[in-house]
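# Results of the structural survey
Each chain is listed here by its residues.
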Amino acid sequence: MSKIFAKLACFVVDRPLIVLVAILVFSGIATTGYVNATLVTDFFRAEKLVDGEVVAESYEVPPDVDPVSLTNSHAIVVVESDSFFTPSGATAMRSIVSELESLDHVDRILWMDRIPILNIFGLPEPLFPNQNSSQTRFDDAKQRALKHPLVAGQLLSEDARHLLLLVKFDFLFVESDDDVTSGLREACETAAKKFSDVQFDFKVTGRVPMYVTAIRNRDQNTFKYQMIAYSMIAIMAVILFRGIVAVVIVAVAPALGVFWSLGVLRFFELEGNPFNQVVVPVLISLVALTDGVHLMVQIRKRRAEGHSAKEAARIGLSEVGLACFLTSLTTAIGFASLMLSSSEIVWEFGASCVIGVTITFFAVIGTIPLACTTFLGRWLHVGHEKGVIDRNIGYIEKIVEFILRRGKIVSGIAILSTIVLLLISSTLRPDERLSNNFPDRSEAVIGLKQMDQVFGGLELGRIDVRWSEDIPSDSPVVLKVMRKIDSLLRSEGKLGSPISICNLLDALPGDGKDDDRMSMLELLPPPLKRAFYTPEYRSATANFRVRDTGIAEYGPVFERIELGLSSLSSEYPAFTFELEGNPVWRWRNLYQVVVDLALSLGTATIIIFVILAIVYRSIRIGLISLIPNLFPLAVTGTYLVFSGQMLELVSVCAFTVCLGIAVDDTIHFITRFVEENRRSQDSDQAIRIAFTSVGTSLIMTTVVLCAGFATVLWSDAREHRIFGAMGGLTIASALFGDLVFLPALLSRYVKSKNSKSND
């Protein structure tokens, strides 16, 4: 294959006009994707006709009643105070709610004072007395509130010190992000200032504030730390290259590769994938940077030796082109394994990586040699002799000599340590937390943690129950089934505040059996009855709260619940049960995404071994390549284990990116070694030459990338810190594996074909 890339090098260097036209065409296509991808997608789009009939089940139309809902609020204001049930506290709270509802973008608020009363006999007694009531009436109201099924543990904490305001927005009047976040708190604080004798604390959380916080934090941190990282990379590159021209040329390939890739992804409607917004650009740019540095180092060496710019570019590409191709091929095929996942998100991520890595390969082999043959090539070698690494490479060569003399011991350590670290890493378990997506100090996260402590969780799960037409909606069997579900939920201590029609009926007076109490549902106010029960649809619901302590903790809980529901289905065949809600969705989907990514990572490693074994025509070399590729991942995995981390989405993504980078340096070293070993009488000498050829590039890419990863360690986003720490540790470990373990393994297990000695 070396001859093929020698011809390719001649083509790229000797026909610059064709290469330039190809670059412009690619740029035009990518630009079209950014501006209006539908110009192309609409042309190829074909409408799909689906045969068949949809048989809709007939239902009665329920009356026009707005049921009480604890699940569909857009935001939640968590209010903390010791004085809710006092005349001043009640007045202040009503003033606060009034202030919020005066905002144009606030549609309505559900809170304790708006819950329909349960008193079905005699005069109704409000949950929140008016301000002129005595303290005795307020004390009685507090006790009633703590017994009300829709208030206790749902809108009022058990210690009566925390109160929830469930806010619905009219998004037509929302003008800024602050309107749905800090604006709510500021409105509450403005109203509370009028009542100096009552102390309040407000936190805004919930679905919309958390989404806004995540988007705002992602955009701010992504731009901020990308700029810092790129600046740091540029500074380190200038210091190491000691030549601004070389840095500019190397930077063109990653920039162009990312631009092309993200533009092309729009034609496949993949730009909305959450991984593609951050991970894919990082992966593409780092792979391109690694290959670009290797190519540039070779070209500069030839230029410094006196070759012309064209000749230096031709020789450099012919020497490094095969390795660049192999790195792109193994990375692309490895990520193609992600497309075997059942998750659409993971499948799209894998496809995007394949497209991006393939496109970036052409960006590297096209733009760098082309740029080197222009007027920039005149100064390309300037500063080469002053390079920090080149001037000190001799010291590192002594380490290689030391390793070669002790190849047997070092190779044994390499294999043993990799196996041990992999075993430790295998104890990592997948997990996912909602708060991981937000800054630790954000108001939304503080409010979420407060909800976990005093209400049993912010997120709500539910069990949807339906029954056939053979079961009357007012049948006592419905209540019996709901009681068994309620008992099932209450048997799980990790679930907070289960609530269903059972709670409502139990709050009514009397001790009758289920046969009698089911009929009492008709005595409840319609908004209460229909909160968890819709007879016209033959359906009922049981809600429960879930803390943000990690979805892995709730995996066994949800499994036991589904097992219990399966038993109920056997006992009551006319009923169907579905475990639903956002926590359940995260358990089934995001948790599975992490598992799929982890499995695909292992598959990618195996594929890389197979590809290298085929290309190098040696199973032995393929096996040897596994050690320096697996060792850095094992080191980082062990770090996660000892630091108490779990296998999260961000950590698997970091592993994915780092595997793509680590394998690049290994391939460059092995490719150079194989070429030298074919014409050398001594495999150790081939290792020395390979190290001299690629050692500078290995160290340079590691220093530059570690500097880039280090910049995000001070981010206020937890995911950024984990990604940066894992990236830096993996890349540094990969350098150790390539410079220490790989030479020892090659020296021990691969001998020159021309060697007459038998070691």
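Because the structure is a prediction, the values reported are computed rather than measured.

Conventions used here
- Residues numbered from 1 in each chain as written.
- Predicted model: local features only at pLDDT ≥ 70, side-chain atom pairs only at ≥ 80, totals over all residues.
- Heavy atoms only, no water.
- Helix = DSSP H or I, 4+ residues; strand = E, 2+ residues; numbered from the N terminus.
- Expected span 1.5 Å × (residues − 1).
- Buried < 20%, exposed > 50% of the residue type's maximum accessible area, 1.4 Å probe, protein only.
- Pairing = 2+ DSSP bridges.
- Patch = residues over 30% accessible without salt bridge, like charges linked within 9 Å, V, L, I, M, F, W, Y side chains within 5 Å.
- Areas by Shrake-Rupley, 256 points an atom, 1.4 Å probe, with all protein chains shown as cover.
- Salt bridge = Lys/Arg side-chain N within 4 Å of Asp/Glu carboxyl O.
- Phe/Tyr/Trp six-rings, centres within 6.5 Å; stacked < 30°, edge-to-face > 60°.
- Axes fitted to C-alpha atoms, helices over the stretch in contact; angles between N-to-C directions.
- Contact = heavy atoms within 4.5 Å.
- pLDDT = per-residue confidence, 0-100.
- 1 Å grid on protein atoms, 1.4 Å probe; cavity = no way out; pocket = protein on both sides within 12 Å on 5 of 7 lines; lining within 4 Å.
- Points joined across faces, edges and corners; volume = space filled by probe spheres on them.

### Quick look at helix α19 (residues 551-571)
Spanning 21 residues, α19 covers 30 Å between terminal C-alpha atoms, matching the ideal 30 Å at 1.5 Å per step. Among all positions of α19, only Ile-551, Tyr-554, Gly-555, Val-557, Phe-558, Ile-561, Gly-564, Leu-565 and Leu-568 are buried.

### Brief notes about the pairing of strand β1 (residues 75-80)
Across the six residues that make up β1, a large majority, five, are buried. In this sheet, strand β3 (residues 162-169) lies alongside β1 in antiparallel orientation, the contact comprising six bridges. Following the sheet pairing, Val-78 is matched in β3 by Leu-164.

### Remarks on a nonpolar patch on the surface
Residues Leu-17, Leu-20, Val-21, Leu-24, Val-25 and Ile-29 make up a contiguous nonpolar surface patch of about 550 Å² in total accessible area. As for its position among the elements, Leu-24 is in helix α2 (residues 16-36). Residue classification places Leu-24 among the exposed positions, given a relative accessible area of 54%.

### Examining the pattern of salt bridges
Tallied over the entire structure, the rule returns 27 salt bridges. Between Asp-14 and Arg-314 there is a salt bridge whose closest N-O contact spans 2.5 Å. Taken together, the positions of Asp-14 in helix α1 (residues 2-14) and Arg-314 in helix α10 (residues 309-336) put the pair 300 residues apart, joining distant regions of the chain. Put simply, Arg-560 and Glu-492 hold a salt bridge, and the shortest N to O gap is 2.8 Å. Highlighted residues: Arg-560 in helix α19 and Glu-492 in the loop between α15 (476-490) and β6 (495-499), separated in sequence by 68 residues. The exposure class assigned to Arg-560 is partly exposed, which follows from its relative accessible area of 42%. Members of the salt-bridge network, linked through shared partners, are Arg-672, Glu-675, Glu-676 and Arg-679.

### Here's the deal with the packing of aromatic side chains
Given two aromatic rings, one states the distance between the centres and the angle between the planes to describe the pair. Scanning the entire structure with this criterion turns up 18 aromatic pairs. Pairing Trp-467 with Tyr-533 gives two aromatic rings, centres 6.4 Å apart and planes at 20°, and the pair type is stacked. Placement of Trp-467 in strand β5 (residues 459-467) and of Tyr-533 in strand β7 (residues 533-534) is noted, with a sequence separation of 66 residues between them. Of the residues examined, Trp-467 reaches a relative accessible area of 4% and is grouped as buried. According to the relative accessible area criterion, Tyr-533 is buried, its value standing at 3%. Plain terms: the ring middles of Phe-631 and Phe-741 are 4.9 Å apart, the flat faces sit at 75° to each other, and that makes the pair edge-to-face. Here Phe-631 is found in helix α21 (residues 619-642), whereas its partner Phe-741 is found in helix α24 (residues 718-749), with 110 residues between them in sequence.

### Examining the sheet that holds strand β2 (residues 106-110)
Strand order in this open sheet of four strands is β2-β3-β1-β4, and the pairing throughout is antiparallel. Taken across any chain shown, the strands that pair with only one partner, and hence form the sheet edges, are β2 and β4 (201-205). Pairs of neighbouring strands in the sheet enclose a mean axial angle of 25°, with direction left out of account. The strands touched by helix α4 (residues 87-101) are β1, β2, β3 and β4; relative to β2, the strand with the most contacts, the crossing angle is about 155°. Sheet contacts for helix α14 (residues 443-455): β1, β3 and β4; angle to β4, the most-contacted strand, approximately 105°.

### Notes on unusual backbone geometry
Its identity is not glycine, yet Ser-497 carries a phi of approximately 50°, on the positive side. Within the secondary structure, Ser-497 is located in strand β6. Judged by relative accessible area, Ser-497 falls into the partly exposed class, the value being 23%. With phi around 50°, Arg-538 is a residue other than glycine that occupies positive phi space. Note that Arg-538 resides in the loop between β7 and β8 (539-546). Judged by relative accessible area, Arg-538 falls into the buried class, the value being 10%.

### Looking at the confidence of the model for the protein
Per-residue confidence for the protein averages 83 on the pLDDT scale, and 86% of its residues sit at or above 70. By mean pLDDT, helix α3 (residues 38-44) is the weakest element of the protein at 60, and β1 is the strongest at 95. Across residues 46-56, where pLDDT falls below 50, the model places zero contacts with residues more than four positions away in sequence or in other chains.

### Some points on the pairing of β5
Bridge count for β5 against β8 is eight bridges, and the pairing is antiparallel. Bridge pairing in β8 places Gly-461 opposite Phe-544. Judged from the seven bridges that link them, β5 and strand β9 (residues 575-581) form a sheet pairing that is antiparallel. Directly across from Asp-464, in β9, lies its bridge partner Glu-578.

### Side note on the layout of surface pockets
In this model, the second largest pocket occupies a volume close to 520 Å³. Together, 20 residues line the second largest pocket, and Leu-422, Ser-425, Ala-598, Leu-601 and Gly-602 are the ones closest to its centre. Secondary-structure elements contributing two or more residues to the lining of the second largest pocket are α13 (407-425), α20 (582-615), α21 and α22 (649-679). The dominant element in the lining of the second largest pocket, judged by the number of residues it contributes, is α20, at eight residues.

### Some points on the environment of Val-208
Positionally, Val-208 belongs in helix α7 (residues 207-241). Sequence separation between Val-208 and Asp-177 is 31 residues; the distance between their C-alpha atoms is 9.5 Å. For Val-208, the contacting residues outside a window of four places in its chain are His-74, Phe-169, Phe-171 and Val-180.

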